[in-house]
Structure formats: structure tokens, C-alpha cells
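# Residue-level structure breakdown
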Amino acid sequence: MSRQVEFSLPEYPYGFHLITPHILNEIGKLPETGLLNLFIKHTSAGLTINENADSTVLSDFKTFFSDWVPENYPKFRHTYEGADDMPAHIKASIVGQSLTIPITNGRLNLGIWQGIYLCEFRYAGGRRNMVATIIQ
């Protein structure tokens, strides 16, 4: 048995944002056991699971991705949507658009320091559309 929930995240600025509480609020009651698949329906933002205890992890992620895939790279040809657009596509491809998380005892079975993050790679990405599929 499975069910699917589609929803939108609020607009976030460029960076990495903890969205675990928002996800839990949107998906409602979880089965005793199963899987949660999260999918973001965009090509310039991604999803990841990482440490949720120290905010410097997030700022270091932002710094690394900005240095690794810089804006205004002179060899990019896809530039008409802004200097942040092509780098956002590359960063989103590296991070990915989907996560699968086990459900155990009616809860997401994340590690003690793990959280679900939106990786927003545009300065004005807008609301991001998500699909959550709960498989029991």
C-alpha cells in the first residue's frame, strides 16, 4: 500500500535549509514500517540528508558549492536566465532530486544528527514543489 502527497515548500534564499519539520507536517501520519521517498520537481534545487546539529556545516556546504561551481564561469553557454542558473543546474545534478528514508516505529529512521535539507541553488528560486511517496 502506498500514498502520495504533493506540496510546495516556502521560498528560501540561496543555501541549505533544514526542512525535516516541514516535511513531517505535510506528510501526516506515517505507517509503522515502510519507506518515504521525497522528490523535488526542479532542476536548480536538490535534497540531501546531513548534520542538523551545527549550522556551520550548512555554511561550509554553501561555501564549498559556490567555490566548486562558480557563477560567471566563462565557458558556460546557458547564461540567459542569470549568472546563478547554470551553476544551479550543475549543483542540483550533483546533489540529486530524490531521497529514500526508512520508516520504523511510525517515525523517520534518521540518525540522531541527521536532517533533511533543501539545497537551494538559485537566489530567487521561488516555491519548490515536492512529491512525497509513503510506501508501507
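Attention in this report is confined to the structure presented alongside it.

Procedures and definitions
- Positions within a chain are numbered from 1, following the residues in the order the chain's sequence is written.
- Selection of residues for local features in this predicted model requires a pLDDT of at least 70, selection of side-chain atom pairs for listing and counting requires 80 or more, and totals for whole chains, interfaces and linings are taken over all residues.
- In computing side-chain values, all of the structure's heavy atoms are included and hydrogens and water are not.
- Only runs of H or I of at least four residues qualify as helices and only runs of E of at least two qualify as strands under DSSP, and these elements are numbered from the N terminus.
- C-alpha atoms define the radius of gyration in this analysis, and the globule rule sets the expected value at 2.2 Å times the number of residues to the power 0.38.
- Buried, partly exposed and exposed residues are distinguished by accessible area as a fraction of the type maximum, computed with a 1.4 Å probe on protein chains only: under 20%, between the cut-offs, and over 50%, respectively.
- Any pair of residues with heavy atoms lying within 4.5 Å of one another is described as a contacting pair.
- Residue-level accessible areas treat just the shown protein chains as cover; the underlying method is Shrake-Rupley with a 1.4 Å probe.
- Within this scheme the basic residues Lys and Arg register as positive and the acidic residues Asp and Glu register as negative, but His and the chain ends are omitted.
- A single reference atom marks each charge: NZ on Lys, CZ on Arg, CG on Asp, CD on Glu.
- Residues with no salt bridge and a relative accessible area higher than 30% make up the patches, which join like charges within 9 Å and nonpolar side chains (Val, Leu, Ile, Met, Phe, Trp, Tyr) within 5 Å.
- Every case where a carboxyl oxygen of Asp or Glu lies within 4 Å of a side-chain nitrogen of Lys or Arg is listed as a salt bridge.
- Two strands are said to pair when DSSP picks up at least two bridges between them.
- Here, axes are lines fitted to C-alpha atoms. For helices the fit covers the stretch in contact, and angles between N-to-C directions go from 0 to 180 degrees.
- In these notes, a set of buried Ala, Val, Leu, Ile, Met, Phe, Trp, Tyr and Cys residues joined through side-chain atoms within 4.5 Å is what counts as a nonpolar core.

## Things to note about the overall build of the protein
Across its full length, the protein holds three helices and eight strands. Relative to the 2.2 N^0.38 estimate, which gives 14 Å for 136 residues, the radius of gyration of the protein is 16 Å and therefore close to what a compact globule would have. Projecting the C-alpha coordinates of the protein onto the three principal axes gives extents of approximately 50 × 30 × 20 Å. Evaluated residue by residue, the protein yields a buried proportion of 40% over its 136 residues. Residue pairs at least 24 apart in sequence account for 82% of intrachain contacts in the protein once pairs closer than 6 positions are excluded. Accessible area of the protein: about 7600 Å², with a carbon and sulfur share of 53%. Looking at the protein, you have 11 positive and 13 negative side-chain charges, and the mean spots of the two groups are 5 Å apart.

## Details of a nonpolar patch on the surface
A surface patch of nonpolar side chains, amounting to about 320 Å² of accessible area, comprises F64, W68 and I94. Within the element layout of this structure, F64 appears in helix 2 (residues 55–68).

## A short note on the pattern of salt bridges
The full count for this structure, using the stated rule, is four salt bridges. With its nearest N and O atoms 2.8 Å apart, the salt bridge here joins D85 to R122. Of the two residues, D85 sits in helix 3 (residues 85–95) while R122 sits in the loop between strand 7 (114–120) and strand 8 (128–135), which places them 37 residues apart along the sequence. Ionic pairing is found between E120 and R128, a salt bridge with its closest N-O pair at 2.8 Å. Pair check on accessibility: E120 and R128 agree, each one buried. In the salt-bridge network here, residues are joined through shared partners; they are D84, D85 and R122.

## Quick look at the sheet that holds strand 8
Taken together, the five strands give an open sheet; going across it, the order is 1-8-3-5-6, and neighbouring strands pair in antiparallel fashion. The sheet is open, and its two edges are formed by strand 1 (2–9) and strand 6 (107–108), each paired on a single side. When strand 5 (residues 98–104) meets strand 6, the two strands line up antiparallel, connected through two bridges. Pairing of I103 across the sheet is with L108, part of strand 6. With respect to the sheet, helix 1 (residues 20–27) is in contact with strand 1, strand 3 (33–40), strand 6 and strand 8, its orientation differing from that of strand 1 by roughly 130°.

## Section: the sheet that holds strand 2 (residues 15–18)
With antiparallel pairing, three strands are arranged side by side in an open sheet as 2-7-4. Edge positions in the open sheet fall to strand 2 and strand 4 (45–51), since each of these has one partner strand only. When strand polarity is set aside, the average angle formed by the axes of neighbouring strands in this sheet is 35°. Pairing of strand 2 with strand 7, which is carried by four bridges, proceeds in the antiparallel orientation. What sits directly across from F16, in strand 7, is C119. Relative to strand 2, helix 2 is tilted by about 150°, and along the sheet it contacts strand 2, strand 4 and strand 7.

## Describing the nonpolar core
Counting residues in each nonpolar core, the largest one holds 22 residues, and the members touching the most others are I19, I23, L36, L38 and M130. Elements represented by at least two residues in this core include exactly strand 1, helix 1, strand 3, strand 4, strand 5, strand 7 and strand 8. Core analysis: the next-biggest nonpolar cluster, separate from the first, contains nine residues, F16, L58, A92 and F121 among them.

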